Amino acid sequence: SSHGTVEMMVVDVFDANGEIKLVGVTMERTPVLVSVVGFRRYFYVRVDQRDFDTDGLAKELEANLSKSLKKSMAKEWNASKYGPAIKVTMVVGYKPLVYYRGTQDYFFAKVSIGPSSLYRPSVNYVNSLMGRSPSYLPDHWHTNPYYGCGDPRLCICDGGDPKASHPIYMTYESSVTLIDRFMSEAKISGGAWIRVQPDSPGFQLPKSTGLPVSAD
């Protein structure tokens with residue numbers, strides 16, 4: 001439909017080479033295929049909010065991924081419509097419920113990546129930065145003298161001794177899949193009914209989601 005609101009039941013949501021697709025059917029049993037555009041997948045890294053430079057990390061990622069960024073901007077991402085391909089913001093995290101870590105607040109840099117092709121390289125690059133700057137804080141310290149660490153890369157930070165006391169750095173929620181992240185953010189589940197509305201140049205999901213889409 002090119003005019004009016006399209007109400008459809010979501011039959012499937014899938015990842016088509018980094019592009020989110022919604023398959024649905026209307027009350028009249030008309031099949032609908034919706035292509036989602038402008039969605040950002042994100043992950044977190046724990047940082048020292050007093051001296052962490054969010055804009056600096058964004059620029060560093062852009063510089064390190066410059067070749068891939070140019071290709072993705074040409075094929076996957078329209079910066080004039082959706083803003084920068086890479087965004088880094090500061091958020092306050094909840095205190096862990098698993099075990100006690102004190103009363104201090106936890107600050108995280110939220111790294112949001114537009115082009116799907118840049119997501120995993122961005123995670124890998126941020127992982128490579130941790131342990132090199134005091135701005136990146138460890139999740140916890142490995143101090144058990146009887147058991148080795150499960151991550152040899154992190155043990156190298158302290159001379160390579162797997163039994164030495166050393167910080168454990170990690171990214172958070174970086175393994176959440178593109179589809180799981182989208183369905184959580186858009187509050188869409190299989191079998192749910194949603195409305196998509198024509199909006200030049202395409203359709204748009206319900207206003208509560210704020211996620212632009214196009215309809216095929």
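Given the structure is predicted, the values throughout are model-derived calculations rather than measurements. (Residues numbered from 1 in each chain as written. Predicted model: local features only at pLDDT ≥ 70, side-chain atom pairs only at ≥ 80, totals over all residues. Heavy atoms only, no water.)

Asks: How should the pattern of salt bridges be read in this particular structure?
Replies: When the charged atoms of two side chains lie near each other, side chains of opposite charge can form a pair. What the rule picks out here adds up to 4 salt bridges. The residue Lys21 makes a salt bridge to Glu19 at a minimum N-O spacing of 3.7 Å. On the basis of relative accessible area, Glu19 is assigned to the partly exposed category, the value being 31%. A salt bridge links Arg181 to Glu173; its shortest N-O distance comes to 2.9 Å. For Arg181, a relative accessible area of 7% gives the class buried. Judged by its relative accessible area of 42%, Glu173 falls in the partly exposed class. (Salt bridge = Lys/Arg side-chain N within 4 Å of Asp/Glu carboxyl O. Buried < 20%, exposed > 50% of the residue type's maximum accessible area, 1.4 Å probe, protein only.)

Asks: Any chance you could explain unusual backbone geometry here in plain terms?
Replies: A negative phi angle is the norm for most residues apart from glycine, just as the trans form is the norm for most peptide bonds. Of note, the phi angle at Asn17 is positive, near 55°, even though the residue is not glycine. With respect to the helices and strands, Asn17 occurs in the loop between strand S1 (6–16) and strand S2 (19–25). Classification of Asn17 as exposed rests on a relative accessible area of 85%. (Helix = DSSP H or I, 4+ residues; strand = E, 2+ residues; numbered from the N terminus.)

Asks: Where do I start with the packing of aromatic side chains in this structure?
Replies: In this description, an aromatic ring pair is defined by two values, namely the gap between the centres and the angle between the planes. Taken as a whole and judged by the stated rule, the model has 7 aromatic pairs. Each ring, one from Tyr44 and one from Phe108, has its centre 6.5 Å from the other, and the planes form 75°; the classification is edge-to-face. With Tyr44 in strand S4 (residues 41–46) and Phe108 in strand S6 (residues 106–113), the pair connects residues that are 64 residues apart, well separated along the chain. There is no split in this pair, since Tyr44 and Phe108 are both buried. Among the aromatic residues, ring-to-ring pairing joins Tyr42, Tyr44, Phe108 and Tyr172 into one connected group. Between the NZ or CZ atom of Lys110 and the centre of the ring of Tyr42, over which it lies, the distance is 4.1 Å. The lysine or arginine in question, Arg181, covers the ring of Tyr42, its NZ or CZ lying 3.8 Å from the ring centre. (Phe/Tyr/Trp six-rings, centres within 6.5 Å; stacked < 30°, edge-to-face > 60°. Lys NZ or Arg CZ within 6 Å of the ring centre and 35° of its normal.)

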